[in-house]
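Analysis of the macromolecular model
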Amino acid sequence: MSKTTANSSRMFLSGVVEGFYGRPWTMEQRKTLFTRVQKWGLNTYLYAPKNDYKHRMYWRELYTSEEAEQLIALISAAKERNVEFVYAISPGLDITFSNPKEVAALKRKLSQVCEFGCRSFALLFDDIETEMCAADKELFSSSAHAQVSITNQVFQHLQELHTFLFCPTDYCAAFCTPSVTQSSYLHTVGEKLLPEIDVLWTGPKVVSKEISVESIEEVSGVLRRPPVIWDNIHANDYDPQRLFLGPFKNRSTELIPKLRGVLTNPNCEFELNFVAIHTLATWCKSSSGQKDVAMDGEDQGSDYSPQEALQLALTDWLVEFGVADQPDGKICWNLCLTDGKNPNLANTWPRHSILVWAVSRTGSGRPKRESSEEEPMQTDEHVPGPRENPLYTAEPLTLDDLTLLSELFYLPYEHGPTALAMLREVHWLRANSDAATFGHAAAADSGKVSGRAKEWQERAQHFDDMCSAVIRMFNRLSNAPNRTVLYDLYNYICDIKSGVSLAKAFVNSLGRCHNPPPSQVITDDPEPWGFRGGLSGEFQRMLPCHGNRDLFRTPLATRVYAIRPCTPKDKSDILRLSKEMQSETLQHAALIGDGLVEGQLAPSKHCDLVLEDDEGLCGFTFGLADAKVAMTKSQVSGRECATKDLILCDIFAYPEMMLRDFPSLITVQIHPRVPDPCVAKRLIASVLSSLRDSGSTGVFCEFRSNDKRMLDFLKTLEVLHVLKVDGLQAGLVLMGTKL
């Protein structure tokens, strides 16, 4: 019979799951992990790499003598560091639960690992089909009964266990049918699984943005025991373009007394999990109930701050890169180590390579060779002459660089502050690019730059500076001494550098005030790095769900449009479009906007724009800076225009108070074949921008009340809003906005 202690007195499990899909970590990496886990106060390592074929696909096969030797050494290394080694096996792909030989094979495999010195195990039934074979259906009423039966048998077979874990097929709330509290699967597990066996749980989802106390209390009641969290918040095996370097967060420390443990299943790349594991350790330490969890003997207090934990982790990670502050004010890049001189970087560099790179904080300095049997860098004492190129000097990596790196690769559901700022700037610069375009035109005419154009230029420069910081970070990381970390990072930082460079070129093209190098100009025939993602990217862009988690959601344009200034050649097309649209409405009264369309009133400068698609002119917007002046002119020239189609003398006189708040007027017409709100919004915004630059404080637009199509369309844009005007003539609707 197994010998385990009662649940209440057992150790709180805290540590790491190697449970991702992809290349497993090496034995040396796992030993390094044990050192870090012990140093940071964690206590558990769960061995469950999905692509280790004897863990999952060929679970029945025993380990060879060579493999056994490696596992014995690994288990011993964990014990030396006081880390609980939990061996997991995943037989659910093809096991026949009702076959005694299968049960015997599973017991035999785990007994072998037990002989290696392992005393903690896990049976995993995650990510498998729930349909049982015919033989199992004869013996078990459900897959839950089958899984629980074999788990109990194996648990009772093994001796002197420390920990035994069970991973259910329904391992998160999203998988439970119809809910956690009504899940027959979870109720069977809770009722039938032996109480000494702990259950793994990922939270509300496979990758849970948040895990609340209430959700844990709910599942604990069904399972009849507190779960062990298998946390996928830093897992990246589902997306090869994403990496997560943000802090452990959105898990209250009040969870700790309600759990049996928390194990993080982090990024596939071993060296990139420093932050994930370090911040988890800080989180565990922050609980008053976890006094035994310490970080270098420091008391971190009872409160957990994700940002403070992140900065603590990044500061320590900077040392791992081979960067450390020196008393003389220099930054020393330790390319490699000698025995005992830097335990933080043990087993990172070949011991035969000893090179210290002294670099000042301003980036000056050059490699200083102390001694070496085999030098990885320059081996001569070349000193360039006065007319020769100077030696290349790498800038030192800084804490700010690592903070930026973390914010660019933050968490699955959340960008870091700098990433958010960059996205917001591009969004604003793109939406307001008319300010740059018309600002240049206005500057050419008057020699002055408008306030809005100046704001656009300043924000474009700010975005350019942020892009430069990313590229500078890339260069410093590329030259960092610890190449092991760099090689895990390189694909990610190369990708983000390319993406940022493309965004920078795009913003420059909007401003038309920079001259980006030819390789970075947005063209119809770009280099391969200008269209990213390959076949997968093509599929994603075709799917309706693509971008549904984007920070800024705008419907995709269904065709290509052009917005340009109106020319005399456009007059006939404008009149034809206007009459076609007005034929749908009853003309109760003449509008000032009709005078703009007919050409009897001249639009203000830069306030006459037309919209074109591949079929021709499909929209226009005209603006008048001072509508009151137009009304006065119409009253004076009433007799002259009486014989024309448009009778300006019938124009309604708007209240003085309304014109004080909304002195300017625009007229808008969009053909029904233009369903894309974004292009109509940009057309209107361009004229509003010009009116604002002219000093206007507000604008209104006239509509006949039965022009329902245009009224409804404009309401969806949320640029103009219906105005309430006392005494307004029947049949008229005014929309407007403050500028």
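Preceding this paragraph is the structure being described.
Below is a short write-up of the structure. (Residues numbered from 1 in each chain as written. Predicted model: local features only at pLDDT ≥ 70, side-chain atom pairs only at ≥ 80, totals over all residues. Heavy atoms only, no water.)

**So, the overall build of the protein chain**
Under the convention used in this document: Every helix listed is a DSSP run of H or I at least four residues long, and every strand listed is a run of E at least two residues long, numbered separately from the N terminus. Here the term buried applies to any residue with accessible area under 20% of the maximum for its type, exposed to any over 50%, and partly exposed to those in between, with areas from a 1.4 Å probe on protein chains only. Here a residue-residue contact requires only that any non-hydrogen atoms of the pair lie within 4.5 Å.
Across its full length, the protein chain carries 21 helices and 18 strands. In the protein chain, buried positions account for 49% of the 739 residues. A sequence separation of at least 24 residues applies to 75% of the contacts in the protein chain between residues at least 6 apart.

**Here we look at empty space enclosed by the protein**
Gaps between atoms show up when a probe of the same size as a water molecule is rolled over them. The test is simple: The pocket and cavity definitions rest on a 1 Å grid over protein atoms only: a 1.4 Å probe that fits but cannot leave marks a cavity, an open set with protein on both sides within 12 Å along at least five of seven lines marks a pocket, and residues lining either have an atom within 4 Å of a point. Grid points are joined across faces, edges and corners, and a volume is the space filled by probe spheres set on the points. When residues are grouped by polarity, Ala, Val, Leu, Ile, Met, Phe, Trp, Tyr, Cys and Pro land in nonpolar, Asp, Glu, Lys and Arg in charged, and all others, Gly among them, in polar.
Using the criterion set out here, one finds two cavities of 30 Å³ or more in the structure. Here the largest cavity defines a volume of roughly 220 Å³. As for the largest cavity, its lining consists of 18 residues, and the residues nearest its centre are Gln 582, Asp 594, Thr 667, Gln 669 and Arg 704. Broken down by secondary-structure element, the contributors of at least two residues to the lining of the largest cavity are α16 (571–582), α17 (592–598), β15 (664–670) and β16 (698–704). For the lining of the largest cavity, the per-class residue count stands at eight nonpolar, six polar and four charged. Its boundaries defined by the atoms lining it, the second largest cavity holds a volume of some 60 Å³. Lys 209, Ile 233, Lys 249, Asn 250, Arg 251, Leu 411, Tyr 413 and Glu 414 together form the lining of the second largest cavity. The residue inventory of the lining of the second largest cavity, partitioned by class, reads three nonpolar, one polar and four charged.

**With respect to unusual backbone geometry**
Of note, the bond from Thr 177 into Pro 178 is cis; its omega dihedral lies within 30 degrees of zero at -5 degrees. Along the chain, Pro 178 falls in the loop between β5 (163–167) and α6 (184–192). The phi torsion at Arg 224 lies on the positive side, around 65 degrees, for a residue other than glycine. Non-glycine residue Asn 250 carries a positive phi angle of around 65 degrees. The topology assignment puts Asn 250 in the loop between β7 (228–231) and β8 (261–264). Judged by its relative accessible area of 30%, Asn 250 is partly exposed.

**Here we look at the sheet that holds strand β17 (residues 721–722)**
Working definition: the strands of a sheet are paired by backbone hydrogen bonds and lie parallel or antiparallel to each other. We apply this condition: Strand pairing is defined by DSSP finding a minimum of two bridges between the two strands. Working convention: axes come from line fits to C-alpha atoms, limited for helices to the stretch in contact. Angles between N-to-C directions cover 0 to 180 degrees.
Pairing within the open sheet is mixed, and its seven strands lie in the order β12-β13-β14-β15-β16-β18-β17. Each of the sheet's edge strands pairs with one partner strand only, and the pair in question is β12 (562–565) and β17. Where strand β13 (residues 608–613) lies against strand β14 (residues 616–624), six bridges are found, and the strand directions are antiparallel. Bridging from a neighbouring strand, Val 610 pairs with Phe 620 of β14. Strands in contact with α16 are β13, β14, β15 and β16; relative to β14, the strand with the most contacts, it is inclined by about 90 degrees. Here helix α21 (residues 708–717) sits on the sheet in contact with β15, β16, β17 and β18 (732–738), set at roughly 110 degrees to β15.

**A closer look at the environment of Leu 13**
Tracing the sequence through the fold places Leu 13 in strand β1 (residues 13–18). Given the relative accessible area of 0%, Leu 13 is considered buried. Separated by 150 residues in sequence, Leu 13 and Thr 163 place their C-alpha atoms 9.3 Å apart. Setting aside chain neighbours within four positions, we find Leu 13 in contact with Asn 43, Thr 44, Thr 163, Leu 165, Val 228, Arg 260, Gly 261, Val 262 and Leu 263.

**Focus: the packing of aromatic side chains**
Put simply, the rule is: Here is the rule: rings of Phe, Tyr and Trp (six-membered ring for Trp) pair when centre to centre is within 6.5 Å. Planes less than 30 degrees apart are stacked, more than 60 are edge-to-face, and the remainder are tilted.
Using the criterion set out here, one finds 23 aromatic pairs in the structure. With a centroid separation of 5.4 Å and an interplanar angle of 75 degrees, the aromatic rings of Trp 25 and Phe 270 are classed as edge-to-face. Taken together, the positions of Trp 25 in the loop between β1 and α1 (27–39) and Phe 270 in the loop between β8 and α8 (274–286) put the pair 245 residues apart, joining distant regions of the chain. Here the two residues Trp 25 and Phe 270 agree in accessibility, since each one is buried. Between Tyr 47 and Phe 85, the ring centres sit 6.2 Å apart and the planes meet at 20 degrees, which makes this aromatic pair stacked.

**A few points about the pairing of strand β3 (residues 84–89)**
Convention followed: Seen with the strands pointing away from the viewer, any crossover whose path from the first strand over the helix to the second strand runs clockwise is right-handed.
β3 sits mainly inside the fold: six of its six residues count as buried. Burial along β3 is two-sided: the face carrying Glu 84, Val 86 and Ala 88 and the face carrying Phe 85, Tyr 87 and Ile 89 are both buried. Across four bridges, strand β2 (residues 44–47) lies against β3 in parallel orientation. Bridge pairing in β3 places Leu 46 opposite Val 86. The pairing of β3 with strand β4 (residues 120–124) spans four bridges and is parallel. Directly across from Ala 88, in β4, lies its bridge partner Ala 122. Traced from β3 through helix α3 (residues 100–115) to β4, the parallel crossover comes out right-handed.

**Some points on the pairing of β4**
Judged by how many residues are buried, β4 sits mostly within the fold: five of five residues are covered. Here β4 shows a buried face lined by Ser 120, Ala 122 and Leu 124 and a second buried face lined by Phe 121 and Leu 123. Strand direction decides the pairing type here: β4 and β5, joined by five bridges, are parallel. The residue of β5 that forms the bridge with Leu 124 is Cys 167.

**Considerations on the sheet that holds β5**
In space, the eight strands of this closed barrel follow the order β1-β2-β3-β4-β5-β6-β7-β8, with parallel pairing throughout. Pairs of neighbouring strands in the sheet enclose a mean axial angle of 25 degrees, with direction left out of account. Of the strands in this sheet, β4 and β5 touch helix α5 (residues 143–157), which is tilted by about 165 degrees from β5.

**Digging into the packing of α6 against helix α7 (residues 213–223)**
The following threshold applies: Here is the rule for angles: anything less than 35 degrees is roughly parallel, anything more than 145 is roughly antiparallel, 65 through 115 is roughly perpendicular, and the remaining ranges are oblique.
Interaxial distance between α6 and α7 falls to 7 Å at its minimum, and their mutual angle equals 60 degrees. Our classification of the angle between α6 and α7 gives oblique. Every residue of α7 that contacts α6 at Leu 186, His 187, Val 189 and Gly 190 is listed here: Val 219, Val 222 and Leu 223. Class assignment for the residues of the contact of α6 with α7 results in five nonpolar, two polar and no charged.

**Concerning the environment of Val 733**
Examined against the element boundaries, Val 733 turns out to sit in strand β18. A C-alpha to C-alpha distance of 9.3 Å links Val 733 and Asp 707, two positions 26 residues apart in sequence.

**Some points on the pattern of salt bridges**
Note the threshold: By definition here, a salt bridge exists when the distance from a side-chain nitrogen of Lys or Arg to a carboxyl oxygen of Asp or Glu is within 4 Å.
Across all of its chains, the model carries 26 salt bridges by this definition. A salt bridge links Glu 131 to Lys 137, with the nearest nitrogen and oxygen atoms 2.5 Å apart. The closest approach of N and O atoms between Lys 708 and Asp 712, which form a salt bridge, is 2.7 Å. Separated by four residues within a single helix, Lys 708 and Asp 712 lie in helix α21, roughly one turn from each other. Judged by relative accessible area, Lys 708 falls into the exposed class, the value being 55%. For Asp 712, a relative accessible area of 33% corresponds to the partly exposed category. What you see here is one network of salt bridges that share partners, running through Arg 36, Glu 271 and Glu 320.

**Quick notes on the side chain of Asp 170**
Note the threshold: Positive residues here are Lys and Arg, negative ones are Asp and Glu, while His and the chain termini are left out of the count.
Its place among the elements puts Asp 170 in the loop between β5 and α6. This buried residue, Asp 170, is left without a salt bridge; Arg 56 holds the nearest opposite charge, at 13 Å. Apart from the residues within four sequence positions on either side, Asp 170 is in contact with Phe 175, Cys 176, Ser 183, Tyr 185, Leu 186 and Trp 201.

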